[in-house]
Amino acid sequence: MKNILVIGSTGQIGSELTLELRKHYGENVVAGYIPGAEPKGELAETGPAAIVDITNGQQIADTVAKYRVDTVYNLAALLSAVAESKHRLAWHIGIDGLMNVLEVARERGCAVFTPSSIGAFGDGAPKDMTPQDTICRPHTMYGVTKVTGELLSDYYYTRFGVDTRGVRFPGLISYVTPPGGGTTDYAVDIFYAAARGETFRCPIQGGTFMDMMYMPDALRAAIQLMEADPSRLRHRNAFNIASMSFDPEIIYRQIHKYRPDFVMEYAVDPLRQSIADSWPNHMDDHCAREEWDWAPRYDLDAMTRDMLEKLSARF
Ligand code: AKB
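Per-chain numbering applies: the sequence of each chain, read as written, is numbered from 1 onward. For this predicted model, a pLDDT threshold of at least 70 governs which residues receive local features, and a threshold of 80 or more governs which side-chain atom pairs are given and counted, while totals over whole chains, interfaces and linings are taken from all residues. As a rule here, side-chain values come from all non-hydrogen atoms in the structure, and water together with hydrogens is ignored.

The chain carries the name UDP-glucose 4-epimerase in an unreviewed UniProt entry, which gives Tannerella sp. oral taxon BU063 isolate Cell 6/7/9 as its organism. Looking at the chain in UniProt, the text filed under Sequence similarities (unreviewed entry) is "Belongs to the NAD(P)-dependent epimerase/dehydratase family." UniProt positions are given in the numbering used here, feature names are shortened, and annotations may be inferred rather than shown by experiment.

J.: How should the site of the ligand be read in this particular structure?
T.: Only heavy atoms are used to decide nearness, and a residue is near a molecule or strand if one of them lies within 4 Å of it. As a structural note, the neighbourhood of the ligand is formed by Leu79, Ser80, Ser117, Ile118, Tyr142, Gly171, Gly182, Thr183, Thr184 and Trp279. Polar contacts, as used here, are pairs of N or O atoms within 3.5 Å; protein pairs need one atom able to donate a hydrogen and one able to accept it. Residues neighboring in sequence count only if both atoms are side-chain atoms. Measuring from an oxygen atom of the ligand, one finds a side-chain N or O atom of Ser80 at 2.6 Å. In the environment of the ligand, a nitrogen atom lies 2.9 Å from a nitrogen or oxygen atom belonging to the side chain of Thr184. Here the term charged refers only to Asp, Glu, Lys and Arg, the term nonpolar to Ala, Val, Leu, Ile, Met, Phe, Trp, Tyr, Cys and Pro, and the term polar to all other amino acids, Gly among them. In the shell around the ligand, the residues fall into 4 nonpolar, 6 polar and no charged.

J.: Would you explain the pattern of salt bridges in this entry?
T.: Where side chains of opposite charge bring their charged atoms close, a pairing between them can arise. Put simply, a salt bridge is a Lys or Arg side-chain nitrogen that is within 4 Å of an Asp or Glu carboxyl oxygen. Here the structure, examined in full by the defined rule, presents 15 salt bridges. A salt bridge links Glu265 to Arg201; the nearest nitrogen and oxygen atoms lie 3.2 Å apart. Of the two residues, Glu265 sits in strand 15 (residues 264-266) while Arg201 sits in strand 11 (residues 200-202), which places them 64 residues apart along the sequence. Here's how the labels work: a residue is buried when its accessible area is under 20% of the maximum for its type, exposed when over 50%, partly exposed in between, all with a 1.4 Å probe on protein chains only. On the accessibility criterion, Glu265 (39% relative accessible area) is partly exposed. The class for Arg201 is exposed, based on a relative accessible area of 53%. Several salt bridges share partner residues, and in doing so they unite Asp163, Arg165 and Arg236 into one network. Think of it this way: any DSSP run of H or I at least four residues long counts as a helix, any run of E at least two long counts as a strand, and we number them from the N terminus.

J.: Help me understand the domain arrangement of the chain in this model?
T.: For interface size, the figure often reported is the accessible area lost on association. Domain limits in this description derive from either an automatic procedure or a database domain assignment. Domains assigned within the chain are domain 1 (4-170 + 213-240) and domain 2 (175-212 + 244-281 + 298-314). Between the C-alpha centres of domain 1 and domain 2 the distance comes to 25 Å. Whether two residues touch is decided by their heavy atoms; if any such pair falls within 4.5 Å, the residues are in contact. The interface of domain 1 with domain 2 comprises 26 residues on the first partner and 27 residues on the second. Area buried by domain 1 at its contact with domain 2 is led by Ile118, Lys127 and Tyr214, which between them contribute 32% of it. For the pair domain 1 and domain 2, the number of links is 0 salt bridges. Inspection of the domain 1/domain 2 interface yields 10 residue pairs in polar contact (both at pLDDT 80 or more). Only helix 1 (14-25), helix 4 (80-85), strand 7 (128-130), strand 12 (210-214) and helix 8 (215-227) provide two or more residues apiece to the side of domain 1 that touches domain 2. If you tally residues by element for the side of domain 1 that touches domain 2, the top one is helix 4, at 4 residues. Here the residues of the side of domain 1 that touches domain 2 are counted per class, giving 10 nonpolar, 10 polar and 6 charged. Put simply, buried area is how much 1.4 Å-probe accessible surface two parts lose in total, over both of them, once they are put together.

J.: So what exactly am I meant to see when it comes to the UniProt feature "domain: NAD-dependent epimerase/dehydratase" (unreviewed entry) in the chain here?
T.: In the UniProt entry, the feature "domain: NAD-dependent epimerase/dehydratase" (unreviewed entry) is given for residues 4-242. Across residues 4-242 one finds 41% helix and 18% strand; the C-alpha atoms that close the span lie 26 Å apart.

Rendered as structure tokens:
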């Protein structure tokens, strides 16, 4: 049985991944959090929690030693738009923090999962069927930290044998913990507006395609990759994974099918638009499919029905 530490356990991905991991590994999953973002409800009740600030290497080392951790899920990060206004903090958390995790992993023999993103690509990469291995020259601080994180994680694998693995997540859509400061957040916000019966003001222009994924598929991907047979992995950091690609018009029309009164208008945010324009329309994820049997379960319609059902029950 694994002993797992989730760093960033109360964030957008962490809050759901920690609970999902506890379904597999029981109480052997420690929820790492920073003061001010304490675990609540089910997250607080179902297993141990510890203060783990990714920028504090000693705190990571102490928690790993105390709970005999062998696997770290490193989910601490600033999202793309907010990273542009806090570029030094984005680097400090994304790279200095990752270095802290990797050093502890090297010393104590831990495996490490670190998510990358569609943000790792930049204008130079092919937009359609973006290959697993292609040019990655992003112009955003978020992208710079993601590419650097991929390289650093690969370095710790080849140089020190640390079992590092990662995926390039698309925009993640969930009804549980809202994201904050991302470029793909519109695809979450649009569901909240529809469920509340409000007009949605879309910050991304029609015709802008990006990869998106429903959270249950993203959680399964992270766990499945960390369980994958290492002898099959030709790649490590980080695998393209994809399930659906749409623009604001397509998601609007999909929601409109189930909410005929729903209205969307555009209020384009130039920062988010310029970030979105530099990201892929749709990634090629055949390496993940071949090397660890990745396959998504949700398409746009299944996700839309589930999101509307869950959010409508809340509002
Ligand atoms: C963001 O929009 O910043 C993230 C991402 C795609 O990495 N959701």
